[in-house]
Amino acid sequence: MQAFREAVEANDLDAAEALLAENVVFTSPVVFKPYPGKAITAAILRGVTRVFEDFRYVREIHDVNGRDHALVFAARVGDREIEGCDFIHLDEDGLIDEFTVMVRPLSGAQALAAAMGAQFEQIAEEARSRSV
């Protein structure tokens, strides 16, 4: 998990993408339907980096088997402060196969939903170009 955290904190999204399994499933804090696949998950991560300001991980929590992780973060979207958590599960090869994000407060989640909604076309195009 250290490699993913370091990649995100360094804004090295290629390195973060390399840690995603092909069958990763991304579950958004603001959209009901999960997003399956590496291409869309990587594109969403790129979109988030364009939306979040002052992003930083503030705590890491691991299970005893080392396959489940929680990365607690703080960020800002416009004038809204957000606290959140990336819940990450690793497959048997050590790649991320489940990526679930939760955020609070509601006003921050609403700001995130609006900002990511504005990114949707670019995210979809990036996913299409990466899946080819």
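You'll find the structure just up there.
Given the structure is predicted, the values throughout are model-derived calculations rather than measurements.

Colleague: Is there a simple way to think about the overall build of the protein in this case?
Modeller: Helix and strand content of the protein: four helices and six strands. Listing the helices and strands of the protein from first to last along the sequence gives α-α-β-β-α-β-β-β-β-α. Against the globule reference of 14 Å for 132 residues, the protein gives a C-alpha radius of gyration of 14 Å, in line with a compact fold. With respect to the three principal axes, the spread of C-alpha positions in the protein is 40 × 35 × 30 Å. In the protein, which comprises 132 residues, the share counted as buried stands at 45%. Residue pairs at least 24 apart in sequence account for 47% of intrachain contacts in the protein once pairs closer than 6 positions are excluded.

Colleague: What am I meant to see in helix 3 (residues 38-51) here?
Modeller: Count 3.6 residues to each turn of an α-helix, and residues three or four apart come out pointing the same way. With 14 residues, helix 3 should cover 20 Å at 1.5 Å per step; its first-to-last C-alpha distance of 20 Å lies within 8% of that length. Burial analysis of helix 3 places 12 of its 14 residues in the buried class, which makes it a mostly covered element.

Colleague: Hey, could you run me through the pattern of salt bridges in this one?
Modeller: Opposite charge on two side chains makes pairing possible when the charged atoms of those side chains draw close. All told, the structure shown has 12 salt bridges when counted by the stated rule. Measuring nitrogen to oxygen at the nearest pair gives 3.2 Å for the salt bridge that ties Arg76 to Glu53. Within this pair, whereas Arg76 is found in strand 4 (residues 68-77), its partner Glu53 is found in strand 3 (residues 53-62), the two being separated by 23 residues in sequence. Classification of Arg76 as partly exposed rests on a relative accessible area of 21%. Close ionic contact of Glu92 with Arg67 constitutes a salt bridge, the shortest N to O distance being 4.0 Å. Taken together, the positions of Glu92 in the loop between strand 5 (80-90) and strand 6 (96-104) and Arg67 in the loop between strand 3 and strand 4 put the pair 25 residues apart, joining distant regions of the chain.

Colleague: I keep staring at the packing of helix 3 against helix 4 (residues 106-130) and nothing clicks. Help me out?
Modeller: Two numbers describe a pair of packed helices, the interaxial angle and the distance between the axes. It is at 8 Å that the axes of helix 3 and helix 4 come closest, and there the two elements cross at 140°. Judged by the angle between their axes, helix 3 and helix 4 are oblique. The hand of the helix 3/helix 4 crossing is right-handed. On helix 4, the residues touching Ala39, Ile40, Ala42, Ala43, Ile44, Arg46, Gly47, Val48, Arg50 and Val51 of helix 3 are Leu112, Ala115, Met116, Gln119, Gln122, Ile123, Glu126, Ala127 and Arg130. Residue classes in the contact of helix 3 with helix 4 are distributed as 12 nonpolar, three polar and four charged.

Colleague: Even after reading the chapter, I still don't get the side chain of Asp91, so can you show me in this structure?
Modeller: Along the chain, Asp91 falls in the loop between strand 5 and strand 6. Arg67 is the oppositely charged side chain nearest to the buried, salt-bridge-free Asp91, at an N-O distance of 6.1 Å. With near-sequence residues (within four places) excluded, Asp91 lies in contact with Ala21, Arg67 and Asp97.

Colleague: Help me out: how do you make sense of the layout of surface pockets in this one?
Modeller: Any empty space left between atoms is shown by rolling a water-sized probe over those atoms. The space that makes up the largest pocket amounts to roughly 540 Å³. If you trace the largest pocket, you find 30 residues lining it, with Phe26, Ile44, Leu45, Val48 and Met116 closest to the centre. Put simply, the parts of the chain that give the lining of the largest pocket at least two residues each are helix 1 (2-9), helix 2 (13-18), helix 3, strand 3, strand 6 and helix 4. Among the elements that take part in the lining of the largest pocket, helix 4 stands out by supplying six residues, more than any other. Considered class by class, the residues forming the lining of the largest pocket number 24 nonpolar, four polar and two charged.

Calculation criteria
Residues numbered from 1 in each chain as written. Predicted model: local features only at pLDDT ≥ 70, side-chain atom pairs only at ≥ 80, totals over all residues. Heavy atoms only, no water. Helix = DSSP H or I, 4+ residues; strand = E, 2+ residues; numbered from the N terminus. Rg over C-alpha atoms; globule rule 2.2 N^0.38 Å. Buried < 20%, exposed > 50% of the residue type's maximum accessible area, 1.4 Å probe, protein only. Contact = heavy atoms within 4.5 Å. Expected span 1.5 Å × (residues − 1). Salt bridge = Lys/Arg side-chain N within 4 Å of Asp/Glu carboxyl O. Axes fitted to C-alpha atoms, helices over the stretch in contact; angles between N-to-C directions. Parallel < 35°, antiparallel > 145°, perpendicular 65-115°, else oblique. Left-handed = near helix turned anticlockwise from the far one by under 90°. Nonpolar A, V, L, I, M, F, W, Y, C, P; charged D, E, K, R; others polar. Lys, Arg positive; Asp, Glu negative; His and termini not counted. 1 Å grid on protein atoms, 1.4 Å probe; cavity = no way out; pocket = protein on both sides within 12 Å on 5 of 7 lines; lining within 4 Å. Points joined across faces, edges and corners; volume = space filled by probe spheres on them.

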